[in-house]
Amino acid sequence: MAIDVKKHKKKFLDQKPSINLVPFIDILFTIMIFLVVTSNFSATDVQADTADDIEDAGGKPNVTDVSGDQEYYIMPVANLHKVTVNGQDRSDAIAGSAVGVQANVIDEGQVTIKPGEIVITTPPGVSPEKAVQRPEL
């Protein structure tokens, strides 16, 4: 018995390709669920990208009503590695990505917070050593 090659070739060429979307949708949803579960939605990762946002902030931290009347306030900054007071490096006062800043300096001086860095200009008569202290954690 002979095999009819022409018949099989014609049958193969007449077939139209079909794409099954069900497995594609299953894989897409699986990847999407994985990304949602493993994502980090931390607010500390958000940084101001535009100069308008930085200028509107005024350079001073927001001291809330719960701050009280303490002499020093702890200012935590993510990945804090440098603190400059009146041009003097005071990075030795960093403990746990935070630094203690005198209340008078926050009220009357200028505090600029950048990613990983704090730049402080003190009011007259306040030394850099007194303006910034190492917080006790």
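Q: What is the right way to read the overall build of the protein chain from this model?
A: Counting its secondary structure elements, the protein chain contains five helices and seven strands. The N-to-C order of helical and strand elements in the protein chain reads α-α-α-β-β-β-β-α-β-β-α-β. Burial analysis of the protein chain (137 residues in total) assigns 23% to the buried set. Taking as baseline every contact in the protein chain between residues at least 6 positions apart, the subset at least 24 positions apart corresponds to 68%.

Q: Would you mind showing me how to read the pairing of strand 4 (residues 98–102) here?
A: Along a regular strand, successive side chains alternate from one face of the sheet to the other. Of all five residues in strand 4, five are buried; the element is thus mostly enclosed. Bridge count between strand 1 (residues 72–76) and strand 4: five bridges; the pairing is antiparallel. Considered in strand 4, the bridge of Pro 76 is made with Ala 98. Pairing of strand 4 with strand 7 (residues 132–133) involves two bridges; the strand directions are antiparallel. From the neighbouring strand, Val 101 faces strand 7, where its bridge partner is Val 132.

Q: Looking at this model, I keep getting lost on the pattern of salt bridges. Mind explaining?
A: Working definition: two side chains of opposite charge can pair if their charged atoms are close together. Across all of its chains, the model carries one salt bridge by this definition. The closest approach of N and O atoms between Arg 90 and Asp 92, which form a salt bridge, is 3.5 Å. On the basis of relative accessible area, Asp 92 is assigned to the exposed category, the value being 52%.

Q: What is the right way to look at the sheet that holds strand 3 (residues 88–89) in this model?
A: Strand order in the open sheet made by the four strands is 3-2-6-5, with mixed pairing throughout. Single-partner strands in this sheet number two, and they are strand 3 and strand 5 (110–114). Note: strand 5 against strand 6 (residues 117–121), five bridges, orientation antiparallel. Paired with Val 111 across the bridge in strand 6 is Ile 120.

Parameters at a glance
Residues numbered from 1 in each chain as written. Predicted model: local features only at pLDDT ≥ 70, side-chain atom pairs only at ≥ 80, totals over all residues. Heavy atoms only, no water. Helix = DSSP H or I, 4+ residues; strand = E, 2+ residues; numbered from the N terminus. Buried < 20%, exposed > 50% of the residue type's maximum accessible area, 1.4 Å probe, protein only. Contact = heavy atoms within 4.5 Å. Pairing = 2+ DSSP bridges. Salt bridge = Lys/Arg side-chain N within 4 Å of Asp/Glu carboxyl O.

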